[in-house]
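# Observations on the model geometry
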Amino acid sequence: HHSMPMWRRFSSIFSVAAVLLIAGMLFWLVPNGGTTVALAAPAQLARIHTAVEQGLSPHMNVTTIEQANRLLTAQFSGATPMPTDIPGQVQSCCLHRINGAVLSCVLIKQRGRLITISIADATKIQSPKGRTVTRGQRTFILSSADGVRMVMTRGHHRWLCVMGETDSDTLLSIAEKIQL
């Protein structure tokens, strides 16, 4: 009476392991709806602000939010539209990607400063951990990287980030004016 050859025993162990691995991956994908949520890392956001501010990324010069929304959705139909109550003078718009999340960005000039405002689908992106500030009914997360400060919040399925090389209070006052 011969027992199973060693390689046969190992191949059946590997088959079981492969089935468990695949089942585990499917189980993990289903609750997440097959999508992963991108983390808005401050260093990545700072790079986006620098690219937007210096016109390094492909961008379109615009003067109104309506014009920006038209161009952004023409470029990518899934682009999250910008709220129309953005303060400041609109300079340009562009799209950026953080992992799977697409950020609609506009560059505004306010009191001589260039500020990047980014909007994305809140189900696809999350803010990093940071100092939180509550103003009215809204909670904002403050962060910074490479000399760029950023203020983030979310509401009505939209994620907002206001960033620039200025103080957090200036960024907060801009973010507060934007209704999500």
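So, a few notes on the structure that sits alongside this text. (Residues numbered from 1 in each chain as written. Predicted model: local features only at pLDDT ≥ 70, side-chain atom pairs only at ≥ 80, totals over all residues. Heavy atoms only, no water.)

In terms of helices and strands, the protein chain carries four helices and 10 strands. Starting at the N terminus and walking to the C terminus, you meet the elements of the protein chain as α-β-α-β-α-β-β-β-β-β-β-β-β-α. Residue burial in the protein chain is summarised as follows: out of 180 residues, 40% are buried. Counted over contacts in the protein chain with a minimum sequence separation of 6, partners at least 24 positions apart contribute 55%. On the protein chain, roughly 10,400 Å² of surface is accessible, and the fraction owed to carbon and sulfur atoms is 57%. (Helix = DSSP H or I, 4+ residues; strand = E, 2+ residues; numbered from the N terminus. Buried < 20%, exposed > 50% of the residue type's maximum accessible area, 1.4 Å probe, protein only. Contact = heavy atoms within 4.5 Å. Areas by Shrake-Rupley, 256 points an atom, 1.4 Å probe, with all protein chains shown as cover.)

The sheet built from eight strands is open, its strands ordered 2-3-4-5-10-9-8-7 with antiparallel pairing. Of all strands in the sheet, those with a lone pairing partner are strand 2 (60-61) and strand 7 (131-135), marking the two edges. Along the sheet, helix 3 (residues 65-75) contacts strand 2, strand 3 (89-98) and strand 4 (101-110); its crossing angle with strand 3, the most-contacted strand, is approximately 25°. (Pairing = 2+ DSSP bridges. Axes fitted to C-alpha atoms, helices over the stretch in contact; angles between N-to-C directions.)

In this structure, Ile86, Val106, Ile108, Ile117, Leu160 and Val162 are the most contacted members of the largest nonpolar core, which totals 26 residues. Ranked by residues supplied to this core, first place goes to helix 4 (residues 168-177) with four residues. Not counting residues within four places of it along the chain, the set of residues in contact with Val106 comprises Ile65, Ala68, Met82, Ile86, Ser92, Cys93, Ile115, Thr116 and Ile117. Ranked by size, the runner-up nonpolar core spans 22 residues in total, among them Ala40, Cys94, Leu103 and Ala145. (Core = buried A, V, L, I, M, F, W, Y, C linked by side-chain atoms within 4.5 Å.)

Turning to the pairing of strand 5 (residues 113-121), a few remarks are in order. Sheet analysis places strand 4 next to strand 5, joined by seven bridges and oriented antiparallel. Across the sheet, the residue bridging to Cys105 is Ser118, located in strand 5. The hairpin turn running from strand 4 into strand 5, its antiparallel successor, is two residues long, and Arg111 in that turn takes a positive phi close to 50°. Examined bridge by bridge, strand 5 and strand 10 (residues 158-164) share seven bridges and lie antiparallel to one another. Note that in strand 10 the partner of Asp121 across the bridge is Arg158.

Turning our attention to the pattern of salt bridges. Scanning the model with the defined rule gives three salt bridges in all. Here Asp169 and Arg135 are joined by a salt bridge, their closest N and O atoms 3.7 Å apart. With a gap of 34 residues between them, Asp169 in helix 4 and Arg135 in strand 7 connect regions that are remote in the sequence. The closest approach of N and O atoms between Arg135 and Glu176, which form a salt bridge, is 3.0 Å. Of this pair, Arg135 sits in strand 7 while Glu176 is found in helix 4, placing the two residues 41 residues apart along the sequence. Judged by its relative accessible area of 30%, Arg135 is partly exposed. Since its relative accessible area comes to 31%, Glu176 is described here as partly exposed. A cluster of three or more residues bridged by salt bridges with shared partners is formed by Arg135, Asp169 and Glu176. (Salt bridge = Lys/Arg side-chain N within 4 Å of Asp/Glu carboxyl O.)

Bringing the pairing of strand 9 (residues 148-155) into the picture now. Inspection of the sheet shows strand 8 (residues 138-145) paired to strand 9 by five bridges, in the antiparallel sense. Looking at the pairing, Ala145 lines up with Val148 of strand 9. Hairpin remark: strand 9 followed by strand 10, antiparallel, with two residues in the connecting loop; positive phi at His156, about 50°.

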